[in-house]
Amino acid sequence: MEAEPQIFDLPGGATGIVQESHDTPVVSIMFFIRVGAADETPKQAGLAHLHEHMIFKGTPTRPVGCIAQEVEAAGGDINAYTTFDHTCYYTTMASRYWTVGLDVLGDALQNADFDADELAKELNVIFEEMKRSDDSPGQRVGQKLFQMVFKPHPYANPIIGTRKVLSQMKRADVLNFFRKYYKPSNTTVVIAGDIDATDAKKRLTAIFAAAKKTRITRPKRGETAPQRSPRIGLQFGEVNEATFEIGYPAPGIGDPRAVQADVLSIILGGGESSRLHRQVRRRRRLVYDAVSYSYNLADAGIFITGGVCDPQKTMAAVKAVLDQVQQLRRRPVTEAELDKAKRNIESWFIFERETPTGLAKKLGYSYLVEGDLEFDDRYLAQMLAVTRDDLLGYARDYLSPKTASLSAMLPSEYKAKVTSAALKSILTKAKEPTAKAKPNGRPADTLVAFNTQATHAVAGKRHRTKMATLSNGVRVIVKESTQAPIVSMKICLQGGTRFETRRTAGISRFVANMLTRGTKQRDAEAFADEVEAIAASINGFSGRNSLGISADCLSKDFERIVALSAEALLEPAFDAEEVELQRQEQVAAIARREDSLTRRSIDLFYETLYRKHPYGFPTLGTAESVPLITVSQLRGFHRRMMRPEDLVVGVAGDVRVEDVVKLLEGAFGGLRSRTAAPKTPVPEAPVVEPRQAVLRRDKAQAHLVIGFLGTTVDAADRHAMEILNAIFSGQGGRLFIELRDKRHLAYSVTSFHQEGVEPGAFAIYIGTTHANVDKAREGIWQEIRRVRDEPMDARELEDAKRYLIGSNDIDLAGLSTVAQSMALDELLGLSYKETFRQARRLQSVTAAQVQAVARRYLREDASVEALITKSAK
């Protein structure tokens, strides 16, 4: 059981919150500054977000690049985010180095330089970030919706600001904003994880020792304008699908009825068994995906629903979604729907406390909202007390079509077919319910009890990790953990793109998605009902080398989830109607990937790198292959992969080894091999001369990938390649420092490597302006040559090792990651123990080995370039 959080005053009026949790060797540190985009004047638009960038640009003792570099060298991650109401700077560290993260954040937030030259450069980075948003249909739709719902309140303005205002921003403007709001009295620091609370309190006190308490004054935010008729925001562009959202004004987080909006959004669109997914997506097939959520801010909120669809179905899809909203206003939800929503809400609150980061965020948010660490628990209790009449009353009071705003983006060729007038007509014709709402419109006065320390399956600390083999050869690996009353299970088989052909590209993902879309015992809707009724999740997955099932649940429901997972894996129905629905959705996902140019550029790189090996196929498949995959092919692929000797189950959580093995023997012990081992592909031939592929897209940003054939999962140079990647990537890596921090060529630049059973890939990605493509390319090659030709500094090598070791500690704080890593390592022939040997393997790598890997793999004559640009050059 985790210790109670401690809250205390710090010098200068700052607030400290500390919570010990020793289940994992990880610490999360979060500095919350009570200032956000809604606190800006029109002439300050974007300043709150700009500070998120500038705070990390250096202090008198830590020059440009050193802040992220120091944190990552201590095995941590550092970042920040800006909201309308607050800004948060945070780091997650391996506990052995957590004080480094605290020192760095404390220094940055009190002593930032705000150098004028760096400000000018960082503004260019933000302009690139704006272009990235301009290329995203979802972000454009969302921003337009906020403008319509909240105007003239500052929630209507983009958090990132505007180019017009930011281009005129001076250092004095930034300093004035910083001096006004970045005060101890406006700061809350949360530390959660594997720390000593007394020591943490002393260190926090020392950071603020010289601070003086000051008063903060803020500009008045005003109120949103009353809305008496529907509003429409329609955009067109070079996109493949239609994206739309309908927004309704909602109460802010402090309003008692905000909880009703949260519960209602889950019933409407939360999960496969929700109304939108069942009625609009599955039965009527009008959308490929549907959303529903309530976004509760300090001053006001917004209830959002919508979907992604075939542009030809836009009008019908909008009407269908609106009809489902209207149904909520005509009659109460069912008892079963409300009970299921409450079970899932309770489960989510338990899962979010699994890691130190979840704990820290929960504590900080609770204190920011109401100055009370128990706010989160009380909010949950209020949600669990919501009644059917509460939800009916909320829907009738807040979800009127008269107060709806609809934002949509479609392909340009639909300008004449889908008009603002036609969309507005759908909203204006929606009829108000005739019956009067019942008077019970507020949460019940009596709140149900909620125990955040839900009962564990078996009491006491347990940390065993063991592997057992079932009677038929299935391997089971179990890691016991009592950090939370939850369990994660990954059931892994051989599969993925590695076993596909050009004609069947995407079949592994197809099969994986079909596993939970009906079995021989129950149809897809009944299966979803069964899983979501106990607030669990079961999903199929497929990658490059594997396919299987991922399941997460409360530990008390583990036996039921094992049975359902086995049913899904061993007895999928492959119902013809469900197959066609999945086919439509997978083809639509391929089209959406075309709209995400970062992902599309990476796909283009793989297509160009692999001329014969199936690793070159996108995991979703292609627009040519997926429409031709038959039910017979799906069944055959599933049957060929379903071999007990190739099946590995990883389980991590609040269970006993013996109990898991017994359950899995009953569930999977009867599986027998019916086919020979699937044929494996021949490795890709080496690249012997440079290759380039170019796609033309009329978008705001260009996307460039330069890469090479890489190594395998069992190769001797695998860990040297990991260190090479760490030296390049991250905010403290060479690429970020040289190409973003110093030359400001991009908002996003990184490297990535992916080992395979056959040779994988190593690559560098950058998103930049079209005019800077040549500079970006040359900058990347300068860094490649430098790592090949110049001896590596011993400190940089050690920093990279510490970063990887610390990142591994952080990753293994999540039970899902532990279960997956153990199962995949065992499946791919490495032994599940490799999951816990990372530190030892990395420590033995030398600088000479890293340089040798760079020289062996990162050669000009073996390079592959993928470029997406609008340039005709």
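Preceding this section is the structure that the text describes.
Residues numbered from 1 in each chain as written. Predicted model: local features only at pLDDT ≥ 70, side-chain atom pairs only at ≥ 80, totals over all residues. Heavy atoms only, no water.

*Asks:* How should the overall build of the chain be read in this particular structure?
*Replies:* Each helix and strand in the chain was counted, giving 30 helices and 22 strands. Here the C-alpha radius of gyration of the chain, 27 Å, is about what a compact globule of 873 residues would show, namely 29 Å. The principal-axis extents of the C-alpha atoms in the chain amount to approximately 65 × 65 × 65 Å. Relative to its 873 residues, the chain shows a buried fraction of 60%. Residue pairs in contact within the chain that sit at least 24 positions apart in sequence constitute 83% of those at least 6 positions apart. Just so you have it, the chain exposes about 34100 Å², and 49% of that area is on carbon and sulfur atoms. Charge-centre separation for the chain: the mean point of 119 positive side chains lies 4 Å from the mean point of 110 negative side chains. (Helix = DSSP H or I, 4+ residues; strand = E, 2+ residues; numbered from the N terminus. Rg over C-alpha atoms; globule rule 2.2 N^0.38 Å. Buried < 20%, exposed > 50% of the residue type's maximum accessible area, 1.4 Å probe, protein only. Contact = heavy atoms within 4.5 Å. Areas by Shrake-Rupley, 256 points an atom, 1.4 Å probe, with all protein chains shown as cover. Lys, Arg positive; Asp, Glu negative; His and termini not counted. Charge placed at Lys NZ, Arg CZ, Asp CG, Glu CD.)

*Asks:* Explanation requested: a positive patch on the surface in the structure shown.
*Replies:* Among the surface-exposed residues, K520, R635, R639, R640 and R674 lie close enough to one another that they form a single positively charged patch. Tracing the backbone shows K520 in the loop between helix 17 (507–514) and helix 18 (524–532). (Patch = residues over 30% accessible without salt bridge, like charges linked within 9 Å, V, L, I, M, F, W, Y side chains within 5 Å. Salt bridge = Lys/Arg side-chain N within 4 Å of Asp/Glu carboxyl O.)

*Asks:* Quick question: what am I supposed to make of the sheet that holds strand 1 (residues 6–9) here?
*Replies:* Pairing is mixed in the open sheet, where 6 strands are placed in the order 1-2-6-3-5-4. Strands at the two margins of the open sheet, each flanked by one partner only, are strand 1 and strand 4 (77–82). Put simply, the sheet's adjacent strands are angled 15° from each other on average, direction ignored. Note: strand 1 against strand 2 (residues 15–20), 4 bridges, orientation antiparallel. Within the sheet, the bridge partner assigned to F8 lies in strand 2 and is G16. Packing against the sheet, helix 27 (residues 794–811) makes contact with strand 3 (26–33), strand 4 and strand 5 (87–94), and its axis sits at approximately 100° to strand 5. (Pairing = 2+ DSSP bridges. Axes fitted to C-alpha atoms, helices over the stretch in contact; angles between N-to-C directions.)

*Asks:* What is the right way to look at the packing of helix 10 (residues 275–283) against helix 18 in this model?
*Replies:* Relative orientation and spacing of two packed helices are given, respectively, by the angle between their axes and the distance between those axes. Two numbers describe how helix 10 lies on helix 18: the axes approach to 12 Å, and their chain directions differ by 155°. As the angle between them shows, helix 10 and helix 18 are arranged roughly antiparallel. Helix-helix and strand crossings are classified by hand; for helix 10 and helix 18 the assignment is right-handed. When helix 10 is examined against helix 18, the residues R278, R282 and R283 are found in contact with a partner set consisting of A524, E525 and D529. Residues of the contact of helix 10 with helix 18, tallied by class, amount to 1 nonpolar, no polar and 5 charged. (Parallel < 35°, antiparallel > 145°, perpendicular 65-115°, else oblique. Left-handed = near helix turned anticlockwise from the far one by under 90°. Nonpolar A, V, L, I, M, F, W, Y, C, P; charged D, E, K, R; others polar.)

*Asks:* Whenever I open this one, the environment of P411 confuses me. Can you help?
*Replies:* Tracing the backbone shows P411 in strand 11 (residues 405–411). As a C-alpha pair, P411 and T243 span 168 residues in sequence and 9.8 Å in three-dimensional space. Setting aside residues up to four positions removed in sequence, P411 forms contacts with F236, G237, V239, N240, E241 and P311.

*Asks:* I'm lost on the pairing of strand 10 (residues 301–309) in this one. Help?
*Replies:* In regular strands, side chains alternate between the two faces of the sheet. Across the 9 residues that make up strand 10, a large majority, 9, are buried. Burial along strand 10 is two-sided: the face carrying G301, F303, T305, G307 and C309 and the face carrying I302, I304, G306 and V308 are both buried. Of the strand pairs in this sheet, strand 8 (residues 242–250) and strand 10 are connected by 9 bridges, and their pairing is antiparallel. Considered in strand 10, the bridge of P249 is made with I302.

*Asks:* Before we go on, may I ask you to explain the pairing of strand 2 in this structure?
*Replies:* Most of strand 2 sits inside the fold, with 5 of its 6 residues counted as buried. Hairpin connection from strand 1 to strand 2: 5 residues lie between these consecutive antiparallel strands, with G12 at a positive phi of about 80°. Sheet analysis places strand 2 next to strand 6 (residues 187–193), joined by 6 bridges and oriented parallel. Looking at the pairing, V18 lines up with I191 of strand 6.

*Asks:* What am I meant to see in unusual backbone geometry here?
*Replies:* Leave glycine aside and you will find that most residues have negative phi; peptide bonds, for their part, are mostly trans. Looking along the chain, the bond that leaves K151 and enters P152 is cis, with omega of 10°. Locating P152 in the fold gives a position in the loop between helix 5 (137–150) and helix 6 (163–166). The backbone phi angle of F114 is positive, close to 55°, even though this residue is not glycine. As for its position among the elements, F114 is in the loop between helix 3 (98–111) and helix 4 (116–134).

*Asks:* I tried to follow the nonpolar core on my own but got confused; where do I start?
*Replies:* One broad rule of soluble globular proteins: the nonpolar side chains tend to lie buried together. In this structure, L50, I55, Y89 and I191 are the most contacted members of the largest nonpolar core, which totals 56 residues. Element by element, the count of residues in this core is highest for helix 3, at 6 residues. In this structure L50 touches L119, L123, I126, L166, M169 and V174, once residues within four positions along its chain are discounted. If you look at the next biggest cluster of nonpolar residues, it comprises 54 residues, including Y248, L322, Y394 and V418. (Core = buried A, V, L, I, M, F, W, Y, C linked by side-chain atoms within 4.5 Å.)

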